[in-house]
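# Coordinates in review
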Amino acid sequence: MSFVEELRWRGMLQDIMPGTEELLNKENVSGYIGFDPTGDSLHVGHLTQIMTLIHFQNAGHKPVALVGGATGMIGDPSFKSAERNLLDEATLQHNVTSLKTQLSKFLHFGDGDNDAKMVNNYDWFKDFKFLDFIRDVGKLITVNYMMAKDSVKKRLEGDNGLSFTEFTYQLIQGYDFYYLWKHHNCKVQMGGSDQWGNIVTGSEIIRRQDQGTAYAITTQLIKKADGQKFGKTESGAVWLDPKKTSPYKFYQFWLNTTDDDAKNWIKIFTLKTKEEIDAIVAEHDAAPHTRTVQKALAKDITIRTHSEKDYETAVKTSEFLFGNGSLEFLTELEHDSVLEVFDGVPQFEINRNQLTEGVNVLDLLAVHTQVFPSKGEARKMLQGGGVAINKEKINDIELVVNTTHLISDRYIVAQRGKKNYFLIIVK
């Protein structure tokens, strides 16, 4: 299956410039996508473009990932309501290095004809003088042409206007395409559908400067079935960096998708074949409560973004918090990872000396911590079988809790009722 056919059946294709599909079917081509380094991590909103480059490479073509060290200093105004904060050079270079590391998890980089390549547009813009730029590039595109772009029109109609800095962005991104076409034989630029105007500006610069021909493909902007923006949760963006979004939360993001979204996203964000996906959907439809599609989607993307081990830990965490899973997996985690598992769960601290001497269970739950507001309430629920320590039901109000109850010599997990957990940390 060709690259364009792959995008088409997966529901990813939005616009394609005439002649692009014929070119890609005729020869192996270099093509690129730009990534904005305004942060030191990509998020799930970038995964559509990452998957596009993966399919491009799998089809035999050469993917080029452009990290916009120069354009990141300006900020793309395309369909944004306000100007971005401009970043200093040191911050941008740190971000560029971080993005390179993340992209390397998805693409095979090297020196081969089909190997991915990383470029940074700061390398060709850092010595490009302003007067030279407006003479050599600015003359190629008219203001009328630039004003006609929908992204520019929307900003001019808005309350915040459009700065000259942002207005020139499409010229700079357009020159990127020209530079890569000229020096790296990049004949195709790809991106989200909001980038169509900037991409076409690049092909126009190539045509006017060197009478060359370049091509363009854009992918659909992903939205939820209810029309809401993809990739956002109540707590913000879902990052690919495990320090910003833990593998568990990443896994849960995909697991908690609706049936309609999961059936669309498994085509977009996994490499499973049409036959595999059809079989998964059929199994899901036969028993929707098993959430077969969501589990397959979450497993695939969590393993490829993080690791098999991170996926297994995420599953065990889910089984512990929402089912009858054991606590053994906690012994394999670093302290920060344990805190991530219990993010949002009330946490208390207790002195190690107190546990060494031994603490009555009622004192532990109502005096040294506030799992219960009083010893009376703790006694009542404990006698009623509603209290567990480390997932084991406690019925003895005389129980003495000591260091032998510690998980990894540091934690005790108290449970009040079925779903109320508390983490007690020994200091």
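Note that the structure is predicted; figures quoted are calculated from it, not measured. Chains are numbered independently. Their residues run from 1 in the order of the written sequence. Where totals are concerned, whole chains, interfaces and linings use all residues; where local detail is concerned, this predicted model gives features only for residues with pLDDT of at least 70, and gives and counts side-chain atom pairs only at 80 or more. Remark: hydrogens and water are excluded; side-chain values derive from all non-hydrogen atoms of the structure.

## Structural notes on the pattern of salt bridges
This is how the line gets drawn: Salt bridges are counted wherever a side-chain nitrogen of Lys or Arg sits within 4 Å of a carboxyl oxygen of Asp or Glu. Numbered from the N terminus, helices here are DSSP runs of H or I no shorter than four residues, and strands are runs of E no shorter than two. Throughout this description, buried means an accessible area under 20% of the type-specific maximum (1.4 Å probe, protein chains only), exposed means over 50%, and partly exposed covers the range between.
Considering all chains together, one arrives at 16 salt bridges under this definition. For lysine 182, the salt bridge goes to aspartate 210, with nearest N and O atoms at 2.8 Å. Taken together, the residues lysine 182 in helix α10 (residues 169-184) and aspartate 210 in helix α11 (residues 196-210) connect sequence positions 28 residues apart. One salt bridge connects aspartate 343 with lysine 249, and the closest N-O pair in it is separated by 2.3 Å. Placement of the pair is aspartate 343 in the loop between α17 (335-341) and β9 (347-350) and lysine 249 in helix α12 (residues 247-255), with a sequence separation of 94 residues. Judged by its relative accessible area of 34%, lysine 249 falls in the partly exposed class. It is possible to trace a salt-bridge network through shared partners that takes in Asp132, Arg135 and Asp136.

## Some remarks on the sheet that holds strand β2 (residues 30-35)
The condition that has to hold: What makes two strands pair is DSSP finding at least two bridges between them. An axis is simply a line fitted to the C-alpha atoms; with a helix, the fit covers only the stretch in contact. Between two such axes, the angle follows the N-to-C directions and lies from 0 to 180 degrees. The contact definition used throughout considers only heavy atoms, calling two residues in contact when any of these lie within 4.5 Å.
The strand order across the open sheet built from 6 strands is β1-β6-β5-β2-β3-β4, with neighbouring strands paired in mixed fashion. One side of each edge strand has no neighbouring strand; the edge strands of this open sheet are β1 (13-16) and β4 (117-120). Shown here is a sheet whose adjacent strand axes are inclined to one another by a mean of 25 degrees, direction ignored. Of the strands in this sheet, β2, β3 (62-67), β5 (186-192) and β6 (215-219) are in contact with helix α3 (residues 47-58), which crosses β2 at around 165 degrees.

## Points about the UniProt feature "binding site: L-tyrosine" (unreviewed entry) in the chain
Our working definition: UniProt positions are given in the numbering used here, feature names are shortened, and annotations may be inferred rather than shown by experiment. Whenever a nitrogen or oxygen atom comes within 3.5 Å of another N or O atom, the pair is scored as a polar contact, on the condition that within protein one atom can donate a hydrogen and the other can accept it, and that pairs from neighbouring residues in sequence are kept only if both atoms are in side chains.
The positions UniProt marks with the feature "binding site: L-tyrosine" (unreviewed entry) are Tyr32, Tyr169 and Gln173. Looking at the secondary structure, you find tyrosine 32 in strand β2. When neighbours within four sequence positions are excluded, tyrosine 32 is seen to be in contact with Val64, Leu66, Gln173, Asp176, Phe177, Leu180, Cys186, Val188, Gln189 and Met190. At 3.4 Å, the side chain of tyrosine 32 and the backbone nitrogen of phenylalanine 177 are in polar contact. On the secondary structure map, glutamine 173 appears in helix α10. The exposure class assigned to glutamine 173 is buried, which follows from its relative accessible area of 8%.

## So, the packing of aromatic side chains
Let me state the cut-off plainly: Aromatic contacts are taken between Phe, Tyr and Trp rings whose centres are within 6.5 Å, Trp giving its six-membered ring; a plane angle under 30 degrees counts as stacked, one over 60 as edge-to-face, and the others as tilted. Two thresholds decide whether a charge sits over a ring: the Lys NZ or Arg CZ must be within 6 Å of the ring centre and within 35 degrees of the ring normal.
If you walk through the whole model with that rule in mind, you get 27 aromatic pairs. Summarising the aromatic geometry, the rings of phenylalanine 128 and phenylalanine 133 are spaced 5.5 Å apart at their centres and angled 80 degrees between planes, so their arrangement reads as edge-to-face. Residue class for phenylalanine 133 comes out buried when judged on its relative accessible area of 11%. By way of ring pairs, the aromatic residues Trp124, Phe125, Phe128, Phe133, Tyr175, Tyr178, Tyr179 and Trp181 are connected into one cluster. The aromatic ring of tryptophan 239 is capped on one face by lysine 244, whose charged end is 5.5 Å from the ring centroid.

## Section: helix α15 (residues 292-305)
An α-helical turn contains 3.6 residues, so any two residues separated by three or four positions project in the same direction. Just so we agree on the cut-off: The length a helix should cover is 1.5 Å for every residue beyond the first.
An ideal rise of 1.5 Å per residue puts 20 Å on 14 residues; α15 measures up with 20 Å between its terminal C-alpha atoms. Among the 14 residues of α15, 11 are classified as buried, and the element is accordingly described as predominantly covered. Buried residues along α15 sit in contact with α3, α12, α13 (259-269), α14 (274-286) and α16 (308-322).

## Focus: the nonpolar core
The criterion, for reference: We define the nonpolar core as a collection of buried residues of types Ala, Val, Leu, Ile, Met, Phe, Trp, Tyr and Cys that are connected through side-chain atoms lying within 4.5 Å of one another.
Of all hydrophobic cores here, the largest spans 74 residues; its most connected members are Trp254, Phe269 and Leu330. Once residues within four sequence positions are removed from consideration, leucine 330 is found in contact with Val338, Val341, Phe342, Ile407, Ser408 and Val413. One finds Leu66, Val137, Tyr178 and Ile205 within the second-largest nonpolar core, a separate group that totals 32 residues.

## Some details on the UniProt feature "domain: Tyrosine--tRNA ligase SYY-like C-terminal" (unreviewed entry) in the chain
Look at the UniProt record and you will see "domain: Tyrosine--tRNA ligase SYY-like C-terminal" (unreviewed entry) annotated at residues 340-424. Summarising residues 340-424: 27% helix, 28% strand, and an end-to-end C-alpha distance of 14 Å.

## Regarding a negative patch on the surface
Rules: Patch membership is restricted to residues that have no salt bridge and whose relative accessible area is over 30%. Joining uses 9 Å for like charges and 5 Å for the nonpolar side chains Val, Leu, Ile, Met, Phe, Trp and Tyr. The method behind every accessible area is Shrake-Rupley, applied with a 1.4 Å probe, and residues are considered shielded solely by the protein chains displayed. Here the positive residues are Lys and Arg and the negative ones are Asp and Glu; neither His nor the chain ends is included. Charged groups are reduced to one reference atom each: NZ for lysine, CZ for arginine, CG for aspartic acid, CD for glutamic acid.
On the surface, Glu308, Glu312, Glu328 and Glu332 cluster together into a patch of negative charge. Of the residues examined, glutamate 328 reaches a relative accessible area of 61% and is grouped as exposed.

## A word on α13
The criterion, for reference: Think of the arc as the fan of directions from the helix axis to the C-beta atoms.
For α13, every residue scored as buried is listed here: Asp261, Ala262, Trp265, Ile266, Ile268 and Phe269. In an axial view of α13, the angular spread of the buried residues amounts to 165 degrees, which keeps them on one side of the axis. Here the buried face of α13 lies against α3, α12, α14 and α15.

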